[in-house]
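# A look at the structure
Single-letter residue listing:
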Amino acid sequence: MTTSPRAAFRAWRRGRPFAGSVLTSLAGVEMFFSGQLDVGKIHVQVGIEGLQATIIPLLVLLGILAATMPVHRVFYGVIALSVSVYSLIGVNLGGFFIGMLLGAIGGVLTVVWLPKPVAPLQPGADSVVAGDDADHPSAESRPLVRRRR
């Protein structure tokens, strides 16, 4: 049975905080373009000059890491949220508020995302879901640690 690439991507995407990671990465890209803004002969730069060089790659990296390692999603989301709020002073008012809002929403979505629970098997199924073997007829109550006599 062959699955299409679209179905495989959909299955991969459902197991990860995909929306939050995309919004976080987009926030970094938007801040990059807002930091490179020239209006006529005026170069727009607000905040510490070197902060922009650390915030933008960090947001893009946090978005990619949240998508590839969903186990650490809370850590990546909290860091993305704090960096996005801090970009308000560091990167042209947080990318003119758009990048800051994208990063904050992406960070929150990454933190609150939970994987879908595994559906329990129907009665009469051949196998047992991990962690649900207490109801299985072959499960015996035995101690976790074997005692020596």
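The rules behind each value
Residues numbered from 1 in each chain as written. Predicted model: local features only at pLDDT ≥ 70, side-chain atom pairs only at ≥ 80, totals over all residues. Heavy atoms only, no water. Helix = DSSP H or I, 4+ residues; strand = E, 2+ residues; numbered from the N terminus. Buried < 20%, exposed > 50% of the residue type's maximum accessible area, 1.4 Å probe, protein only. Contact = heavy atoms within 4.5 Å. Areas by Shrake-Rupley, 256 points an atom, 1.4 Å probe, with all protein chains shown as cover. Patch = residues over 30% accessible without salt bridge, like charges linked within 9 Å, V, L, I, M, F, W, Y side chains within 5 Å. Salt bridge = Lys/Arg side-chain N within 4 Å of Asp/Glu carboxyl O. Core = buried A, V, L, I, M, F, W, Y, C linked by side-chain atoms within 4.5 Å. Phe/Tyr/Trp six-rings, centres within 6.5 Å; stacked < 30°, edge-to-face > 60°.

### Section: the overall build of the protein chain
From N to C terminus, the protein chain includes six helices and two strands. The order of α-helices and β-strands along the protein chain, N terminus first, is α-α-β-β-α-α-α-α. For the protein chain, with 149 residues in total, the buried portion stands at 29%. Taking contacts inside the protein chain between residues at least 6 apart in sequence as the whole, the part at least 24 apart equals 74%. Put simply, the protein chain shows about 10600 Å² of open surface, and 67% of that area lies on carbon and sulfur atoms.

### Section: a nonpolar patch on the surface
There is a patch of nonpolar side chains on the surface, built from L81, V85, Y86, L88, I89, L93, F97, L101, I105, V108, L109 and V112 and spanning about 1000 Å² of accessible area. Taken together, the elements giving at least two residues each to the nonpolar patch come down to α4 (73–90) and α6 (98–112). The topology assignment puts Y86 in helix α4.

### Section: the nonpolar core
Core analysis: the biggest nonpolar cluster contains eleven residues, these being A27, M31, I55, I56, L59, L62, A66, Y76, A80, V83 and V91. If you list the elements that add at least two residues to this core, you get α2 (18–35), α3 (51–68) and α4. Here this core takes five residues from α3, the largest share from any one element.

### Quick word on the packing of aromatic side chains
Within this structure, the stated rule accounts for four aromatic pairs. Aromatic ring contacts, followed pair by pair, group F9, W12 and F18 into a single cluster.

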